[in-house]
Amino acid sequence: MDNHCHSIGMEILTLDLMAYRCPLALLMVKRSCRDLSLTQKLVIRVSQSSAKTDIFRYLQNNGFTIDIQTETIDQLVIIVKKGQ
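Residues numbered from 1 in each chain as written. Predicted model: local features only at pLDDT ≥ 70, side-chain atom pairs only at ≥ 80, totals over all residues. Heavy atoms only, no water.

1. A word on the pairing of strand S3 (residues 41-46)
The following threshold applies: Here, any two strands with at least 2 DSSP bridges between them count as paired. Helix numbers and strand numbers start at the N terminus; a helix is a DSSP run of H or I with at least 4 residues, a strand a run of E with at least 2.
Sheet topology note: the strand S2 (residues 12-17)/S3 ladder contains 6 bridges and is parallel. Paired with Thr-14 across the bridge in S3 is Val-43. One ladder, built from 5 bridges, connects S3 with strand S5 (residues 76-81); its direction is antiparallel. The residue bridging Val-46 from the neighbouring strand is Leu-76, located in S5.

So, in structure tokens, the structure goes:
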């Protein structure tokens with residue numbers, strides 16, 4: 001993972017993309033999700049509107065399990081797991 005991710009308790013990773021726009025935000029999500037194990041979860045925080053749409057669409061189309069924690073105009077916080 002890159003320096004924007006950190007491990008909490010070895011199973012939950014966070015990716016804070018609040019300051020990033022697409023396409024960089026989407027590329028960071030793709031890289032982070034590619035490296036997830038089946039026992040890890042990734043918490044993603046994003047604020048930019050087009051990045052929210054692109055990230056959500058990518059996760060849905062690639063078999064990830066998505067749990068929306070917060071969805072407001074200002075931010076989207078989701079927990080992602082690799083599909084079984």
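2. A closer look at the nonpolar core
Nonpolar side chains in soluble globular proteins generally cluster together in the buried interior. Stated precisely, the cut-off is as follows: Nonpolar cores are built from buried Ala, Val, Leu, Ile, Met, Phe, Trp, Tyr and Cys residues. Side-chain atoms within 4.5 Å join them into one set. Burial classification: accessible surface area is computed with a 1.4 Å probe over protein chains only, and a residue below 20% of its type maximum counts as buried, one above 50% as exposed, and the rest as partly exposed. By definition, residues are in contact when any of their heavy atoms lie within 4.5 Å.
Residues Leu-17, Val-29, Leu-42, Ile-44, Ile-55, Leu-59 and Val-80 are the most contacted members of the largest nonpolar core, which totals 20 residues. Of all the secondary-structure elements, those providing two or more residues to this core are S2, helix H1 (24-34), S3, helix H2 (49-61) and S5. Among the elements that make up this core, the one with the highest residue count is H1 (5 residues). Apart from the residues lying within four places of it in its own chain, the contact partners of Leu-17 are Ala-25, Met-28, Val-29, Ile-44, Arg-45, Val-46 and Ile-55.

3. As for the environment of Val-77
Locating Val-77 in the fold gives a position in strand S5. The buried category is assigned to Val-77, whose relative accessible area is 11%. As a C-alpha pair, Val-77 and Arg-45 span 32 residues in sequence and 4.6 Å in three-dimensional space. Setting aside residues up to four positions removed in sequence, Val-77 forms contacts with Val-43, Ile-44, Arg-45, Asp-67, Ile-68, Gln-69 and Thr-70.

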